[in-house]
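A structural walkthrough
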Amino acid sequence: MNLDKARLLFFEESNELLTRMEADLLQLESQLEDQELIASLFRAAHTIKGAAGIFGYHDITNFVHCMEHLLAEWREGRSQASAASVQRLLEARDLSSQMIQDAMADRAESAELAMRRRQLMEALMAHAAQGPTTGPASQPEAAEPDVPASDQGALFQFGWRIAFQPERGVFKLGLDPLAPLRELATQSKIEDVEVDFASLPVLRDLDAELCYLSYSANLSGSVSRQDIESAFEFFDGVANWKISEGAADSVRASEPLLRSQSAADLPRSEIEAAARSTAASPSDRPQPVDRSAAAAAGFQAPGARFLRVESGKLDQLVNLVGELVIAGANISQLAAARNDPQLNEASASILRMIAELREQSLRVRMVQLGETFARFQRVVRDLGAETGKSVRLSISGGETELDKTVVEKIVDPLMHLVRNAVDHGLERPEERESAGKPREGLIVLQAYQETGSIVVEVRDDGRGFRLERILETARRRGLVEAGAQLDEQQILALVFQPGFSTATELSTISGRGVGLDVVQKNIEALRGSIQIENQPDHGSLTRIRLPLTLAIIEGFQVRVGQARYILPMDMVLECVDAPEDSATGILNLRGEALPCVPLHALFGESGSGRSVVVVQYGARKAGLLVDELLGEFQTVIKPLGRLFAGVRGINSATILGDGAVALILDVPSLVELAARHEAHSVVAGGRT
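My aim in this report is to walk through the structure given alongside it, one point at a time.

Definitions and cut-offs
Residues numbered from 1 in each chain as written. Predicted model: local features only at pLDDT ≥ 70, side-chain atom pairs only at ≥ 80, totals over all residues. Heavy atoms only, no water. Helix = DSSP H or I, 4+ residues; strand = E, 2+ residues; numbered from the N terminus. Buried < 20%, exposed > 50% of the residue type's maximum accessible area, 1.4 Å probe, protein only. Contact = heavy atoms within 4.5 Å. Areas by Shrake-Rupley, 256 points an atom, 1.4 Å probe, with all protein chains shown as cover. Salt bridge = Lys/Arg side-chain N within 4 Å of Asp/Glu carboxyl O. Pairing = 2+ DSSP bridges. Axes fitted to C-alpha atoms, helices over the stretch in contact; angles between N-to-C directions. Parallel < 35°, antiparallel > 145°, perpendicular 65-115°, else oblique. Left-handed = near helix turned anticlockwise from the far one by under 90°. Nonpolar A, V, L, I, M, F, W, Y, C, P; charged D, E, K, R; others polar. Expected span 1.5 Å × (residues − 1). Polar contact = N/O pair within 3.5 Å; in protein donor to acceptor, adjacent residues only side chain to side chain. Patch = residues over 30% accessible without salt bridge, like charges linked within 9 Å, V, L, I, M, F, W, Y side chains within 5 Å. Phe/Tyr/Trp six-rings, centres within 6.5 Å; stacked < 30°, edge-to-face > 60°. Lys NZ or Arg CZ within 6 Å of the ring centre and 35° of its normal. Bend = angle between axes of the 7 residues up to and from the residue.

Turning our attention to the overall build of the protein chain. Secondary structure assignment for the protein chain yields 20 helices and 21 strands. Per-residue burial for the protein chain yields a buried fraction of 44% across its 688 residues. When contacts within the protein chain are restricted to residue pairs at least 6 apart in sequence, those whose partners lie at least 24 apart make up 70%. As displayed, the protein chain has an accessible area near 34,900 Å², and 50% of this comes from carbon and sulfur atoms.

See the structure below:
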């Protein structure tokens, strides 16, 4: 087994569990007695602890064990959750995440981190030892438990005595009787082990496939009864054990175990028959579990409906499907050239299957935005506490799906926008109250699908952008000439200039002018766009439009002059014949004035533009004048180099069935160009 792959799965699984723990802890803050949340947190901590022990990350195991112990105390009712203890668990979650990141990078623990880890372990164990509170929930929060320095090393130090006797057929089930001790050794100290050889036969009667030994062991250290029971849980039904707490000599190794009849007392024939029966009836007994295999499988329970796959394999699959799409287009073109009905039918059948394969392979890369949005609950909570503002985050459209690559790359832009909204957008509670607003500010994260794009919005109900301050700052920096008249969108676009900031004071959160220009660059690198809507004194909205996928799209092929171009099919509304007055730049589309862009003029091609392709991006429509409509085309997106980054109206490229290269048009920029042309025509009185 490749342990490196299993270790990577451990890191990924642990990060997912820690993300879930963070969401549960934030919810627990307002629902301190919610047992389902506590049980969910306990399971997550228990899984991380066990998996970390398997891979030898003992510091992680011991640290998460303290988190688990506190949660176990809450779960068993021996202690009660409080705001202070939940805060400690949040801090412990963060530190666990840092420890896992260090383990991933094979980085040694810093002295600062080690000290913080010890402090948090002591705080967690002290909270666990507080016991249940007796007063009403409205009483003031109990002070942080004070642990005397002399007692800190003795926290959670129990003595345990374990007597363990496996059945003789356990080897045939793939179980190792010493595995529980090895697991417990990662969390506690094995003081001594006493092996019982009484059932060992003479050599001539010895069967190497049977287990004749039992043992007893004394443990000390930070381990709970649940930990011990968990270590032995895979031996349910195939072994007997007894766990006793207290002095080591309170339970003797020779003490009779709980079974009424020991396997050691059975004749050999019955033992072998029992072993065969066990092996033949797996459903009657617990299945043997290979912990390493369980780790490699992503720690999913048997029968889980999900299969964890490396993202690199999915990328490779999509790339191969892309090549298949190109090859399919080539076959289709050759079949059409030969005008053979049977060959055309076979080609059409292949293309249908390729289209379905493309759809399914792209779908497996789609992930919901909800998990990404959920992580901002903690961000907003902490920023609110840091700025002294009361903030609530509302999430909508978390079920919206987007390509995994895109989702990963919008986290940082969203982080900038949310931080700016809390720090600059929202007013302080007293300001909001004097303005007639609720003391608690609101930030909304919303996602939805619209005309072939995914729209992500960040909205706040704060003070909004001060246009006069933006314009004043821009003029002071020489970005706008004195006396120049800008409309609202042109003024708002200035905030995306590098280093632009109207903040008069720097803070640790924002105000250095670093952020929005990076946000715009990152969004545009994803073939997306960003736009701001502003309502002074009522808030602002930042709208991000993103493509559904970066790999393969359904395209519409057109010819302009001698060149062929591709339009994203999701943005094509309809095609109409070009009217005679199309050269004016404004078309009359069933009574609607439609701005129009002649592509042959834009790209320097010869042609007259006999057809109009009506496209839409957001709420705007535009007509694109082309020479010929060539129909739908499955398009594999190939990025262009930096040399073409500034070319207007071009987004990327694709390879056609005959091997020629076609450019994929940038519809958003063309729609914007048409809108500007329309405005110019209106100003010039050219509208017809």
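Moving on, there is more to tell.
Another aspect to go through is the pattern of salt bridges. In the structure shown here, the tally under the stated rule is 37 salt bridges. A salt bridge links R182 to D176, with the nearest nitrogen and oxygen atoms 2.2 Å apart. One salt bridge connects R378 with D382, and the closest N-O pair in it is separated by 3.0 Å. On the criterion of helical spacing, the pair formed by R378 and D382 is a turn pair, its members being four residues apart in helix 13 (residues 370-387). We classify R378 as buried; its relative accessible area is 8%. Relative accessible area serves as the criterion here: at 30%, D382 is assigned to the partly exposed category. Because the salt bridges share partners, they merge into one network encompassing E22, E29, R93, D94, R378, R381 and D382.

Here we have five strands laid out as an open sheet, ordered 19-12-13-21-20, and mixed in their pairing. The open sheet is flanked by strand 19 (628-636) and strand 20 (650-655), the only strands paired with a single partner. Each strand axis lies, on average, 35° off the axis of its neighbour in the sheet, ignoring direction. Note: strand 12 (residues 552-560) against strand 19, eight bridges, orientation antiparallel.

On to the packing of helix 3 (residues 58-75) against helix 4 (residues 83-104). Contact geometry of helix 3 with helix 4 gives a least axis separation of 10 Å together with a crossing angle of 155°. Taken together, the axes of helix 3 and helix 4 lie roughly antiparallel to each other. Helix-helix and strand crossings are classified by hand; for helix 3 and helix 4 the assignment is left-handed. Packed against helix 3, whose contacting residues are D59, I60, F63, V64, M67, L70, L71 and W74, the element helix 4 presents S85, V86, L89, A92, R93, L95, S96, M99, I100 and A103 at the interface.

Glancing now at the side chain of Q634. Locating Q634 in the fold gives a position in strand 19. Once residues lying within four places of it in the same chain are set aside, the contact partners of Q634 are V325, L351, I354, A355, R358, I553 and E554.

This part covers the packing of helix 14 (residues 404-425) against helix 18 (residues 516-525). Closest axis-to-axis distance for the helix 14/helix 18 pair is 9 Å, and the angle between their directions is 150°. At the point where helix 14 passes helix 18, the crossing takes the left-handed sense. Along the contact surface, helix 14 presents P413, H416, L417 and N420, while helix 18 presents L516, V519, N522 and I523. Considering only residue class, the contact of helix 14 with helix 18 consists of five nonpolar, three polar and no charged.

The next point concerns helix 2 (residues 35-54). Along its 20 residues, helix 2 runs 29 Å from first to last C-alpha, staying within 8% of the 28 Å computed at 1.5 Å per residue. Among the 20 residues of helix 2, 14 are classified as buried, and the element is accordingly described as predominantly covered. By the N-cap criterion, in which a side-chain oxygen at the helix start approaches the backbone nitrogen of a residue two or three places on, helix 2 is capped by D34, the distance to E36 being 3.0 Å. Two residues or fewer after helix 2 comes G56, characterised by a positive phi angle close to 80°.

What follows covers unusual backbone geometry. In this structure, D537 takes a positive phi of about 70° despite not being glycine. Within the element layout of this structure, D537 appears in the loop between strand 10 (529-535) and strand 11 (539-547). One non-glycine residue with positive phi stands out, namely R590, at about 50°. Within the fold, R590 resides in the loop between strand 15 (586-589) and strand 16 (592-598).

The next subject is the sheet that holds strand 15. Judged by pairing direction, the sheet is mixed, and its five strands sit side by side in the order 14-17-18-16-15 without closing on themselves. Two strands close off the open sheet at either side, each with one partner strand: strand 14 (572-577) and strand 15. For this sheet, the mean angle separating the axes of adjacent strands, direction not counted, is 35°. With three bridges connecting them, strand 16 and strand 18 (residues 620-626) associate as parallel partners. Bridging from a neighbouring strand, C596 pairs with G623 of strand 18.

Taken together, the side chains of V193, V195, F197, L200, L203, L206 and L213 make up a nonpolar region of the molecular surface, amounting to roughly 620 Å² of accessible area. Looking at the element boundaries, L206 is found in the loop between strand 2 (189-196) and strand 3 (214-221). On the basis of relative accessible area, L206 is assigned to the partly exposed category, the value being 36%.

Where burial is concerned, most of strand 9 (residues 453-460) is hidden: seven out of the eight residues are buried. Both strand 9 and strand 11 contribute to a ladder of eight bridges, which runs antiparallel. When the sheet's bridge partners are listed, V455 is paired in strand 11 with R545.

Here a ring pair, both rings aromatic, is described through the centre-centre distance and the interplanar angle of the planes. Counted by the stated rule, this structure contains nine aromatic pairs. Both rings, one in F164 and one in F235, keep their centres 5.2 Å apart while their planes meet at 85°; by these two values the pair is edge-to-face. Of this pair, F164 sits in strand 1 (residues 158-166) while F235 sits in the loop between helix 8 (225-232) and strand 4 (239-245), placing them 71 residues apart in sequence. The same class applies to F164 and to F235, which are both buried. In this structure an aromatic cluster arises from ring pairing among F164, Y215, F232, F235 and W241. In this structure, R75 packs its charged tip against the face of F42, placed 3.8 Å from the ring centre. Lying across the ring of Y617, R545 places its NZ or CZ 5.4 Å from the centre.

We now examine the environment of S97. Among the secondary structure elements, S97 is positioned in helix 4. Under the relative-accessibility criterion, S97 is labelled buried at 19%. With 37 residues separating them along the chain, S97 and I60 place their C-alpha atoms 9.7 Å apart.

With that settled, the discussion passes to helix 14. An ideal rise of 1.5 Å per residue puts 32 Å on 22 residues; helix 14 measures up with 30 Å between its terminal C-alpha atoms. Residue I410 marks the point of greatest curvature in helix 14, where the axis turns by about 35°; the proline P413 follows within four residues. Those residues of helix 14 that sit buried are V406, V407, I410, V411, P413, L414, L417, V418, A421, V422, D423 and G425. Taking the backbone nitrogen of T405 as reference, a side-chain oxygen 2.9 Å away marks D403 as the first, capping residue of helix 14.

What follows concerns the environment of G649. Structurally, G649 is set in the loop between strand 19 and strand 20. The spatial distance from the C-alpha of G649 to the C-alpha of L665 is 5.7 Å, given a sequence separation of 16 residues. Residues in contact with G649, not counting those within four places in the same chain, are F603, I664, L665, D666, S669 and L670.

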